[in-house]
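Residue-level structural notes
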Amino acid sequence: MVDVHLWKAEENGKIKSSAIWNVIRERGQIVSWASLVWSLKIIPRHRFILWLAFCGRLSTRDRILAYMDIPDANCVLCSGFAESIDHLLGSCFFARSIWNPFTLAMGIVSLPGSWEDIKVAAQVLSKGSKFHVNIIKCGFAVIVYHLWAERNARVFGRVCRNVDHVWSDIVFDCGALIRTWRRVTKGEQEWVLFHEWKVNYDEVTSFKCFKAS
Ligand SMILES: [Zn+2]
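Residues numbered from 1 in each chain as written. Predicted model: local features only at pLDDT ≥ 70, side-chain atom pairs only at ≥ 80, totals over all residues. Heavy atoms only, no water.

1. As for the coordination of the zinc ion
Here the zinc ion is held by the protein donor atoms Cys75 (SG), Cys78 (SG), His87 (NE2) and Cys92 (SG), which lie 2.1 to 2.3 Å from it. For the zinc ion, the four donor atoms in the first shell make angles of 101 to 116° at the metal, a pattern classed as tetrahedral. Spacing between the donor residues of the zinc ion along the chain follows C-x2-C-x8-H-x4-C. Placement of Cys78 in the loop between α4 (61-64) and α5 (85-91) and of Cys92 in the loop between α5 and α6 (93-106) is noted, with a sequence separation of 14 residues between them. (Donors = N, O, S within 2.8 Å, 3.2 Å for Na, K, Ca; no water. Tetrahedral: all angles 85-135°; square planar, octahedral: opposite > 155°, others 65-115°. Helix = DSSP H or I, 4+ residues; strand = E, 2+ residues; numbered from the N terminus.)

Below, the structure is given as structure tokens:
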């Protein structure tokens, strides 16, 4: 037979870039937390930090100590314990002071004390696409992002904010994202959640379109 070109990435006689990508890419194992970390209900830059946190790749001081000496390996949020991801996002006093108002706002009894267990609990709580579940996904990622941002601000910027200040930034970010959601059903639970996240109830539950005149 005469040699012919056969393209693996051919669909209906045409070469498609999406098909080429599927042929050349390496497929990794799909992890159980993928749908949470890459949820569209999470601000993209928060997704990236959350991904690093789930992979255990944030450059906490215990990891830095493995390849270089540093004068202080303590947590900059509480100064009492060695900094590790499990401490920083889980058992640290500062982190607990942020997780607690989050659980109150979302009507969750409590979250576990370790980051490993918080990750598991977050996956359970974030199943589905109901309004309160979407807020859990968004809020969870916003908190991880801001805890890491506050840690970095103290390490590199020497700026130190208290728990109330960080929590108000979390509420602001989460509220800003919630305001972009539309066609949220009206109900008592929704009204309470809007109140907790300082979002105008009518702004999001109204189906009206406002045009500039
Ligand atoms: Zn700490």
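2. Structural notes on a nonpolar patch on the surface
Where nonpolar side chains cluster on the molecular surface, the patch consists of Trp7, Ile15, Ile20, Trp21, Val23 and Ile24 and spans about 640 Å² of accessible area. Among the elements that line the nonpolar patch, the one with the most residues is helix α1 (residues 17-24), at four residues. By the secondary structure assignment, Ile24 is in helix α1. (Patch = residues over 30% accessible without salt bridge, like charges linked within 9 Å, V, L, I, M, F, W, Y side chains within 5 Å. Areas by Shrake-Rupley, 256 points an atom, 1.4 Å probe, with all protein chains shown as cover. Salt bridge = Lys/Arg side-chain N within 4 Å of Asp/Glu carboxyl O.)

3. Quick notes on the nonpolar core
Core analysis: the largest hydrophobic core is formed by 58 residues, its most contacted members being Trp99, Trp115 and Trp197. Excluding its chain neighbours within four sequence positions, the residues that come into contact with Trp197 are Phe102, Ala105, Met106, Ile135, Trp167, Ile170, Val171, Cys174, Gly175 and Ile178. (Core = buried A, V, L, I, M, F, W, Y, C linked by side-chain atoms within 4.5 Å. Buried < 20%, exposed > 50% of the residue type's maximum accessible area, 1.4 Å probe, protein only. Contact = heavy atoms within 4.5 Å.)

4. Comments concerning the pattern of salt bridges
For the structure shown, the criterion picks out six salt bridges. Its salt-bridge partner being Arg61, residue Asp72 comes within 3.9 Å of it at the nearest N-O pair. Of the two residues, Asp72 is situated in the loop between α4 and α5 and Arg61 in helix α4; the sequence distance between them amounts to eleven residues. Assessed through its relative accessible area of 40%, Asp72 is described here as partly exposed. The buried category is assigned to Arg61, whose relative accessible area is 13%. Here Glu116 and Lys119 are joined by a salt bridge, their closest N and O atoms 3.3 Å apart. Taken together, the residues span about one helical turn, with Glu116 and Lys119 both in helix α7 (residues 115-125) at a distance of three residues.

5. Some thoughts on the packing of aromatic side chains
In this structure the tally under the stated criterion is twelve aromatic pairs. Both rings, one in Phe54 and one in Trp115, keep their centres 5.8 Å apart while their planes meet at 75°; by these two values the pair is edge-to-face. With a gap of 61 residues between them, Phe54 in helix α3 (residues 44-55) and Trp115 in helix α7 connect regions that are remote in the sequence. You can call Phe54 buried: its relative accessible area is 5%. Through a chain of ring-to-ring contacts, three or more aromatic side chains come together here, namely Trp33, Phe54, Trp99, Phe102, Trp115, Phe140, Trp167 and Trp197. Lys41 extends its terminal NZ or CZ atom over the ring of Trp181, reaching a point 5.0 Å from the ring centre. (Phe/Tyr/Trp six-rings, centres within 6.5 Å; stacked < 30°, edge-to-face > 60°. Lys NZ or Arg CZ within 6 Å of the ring centre and 35° of its normal.)

Note that every value here comes from positions in space, so none of it alone points to a role or purpose.
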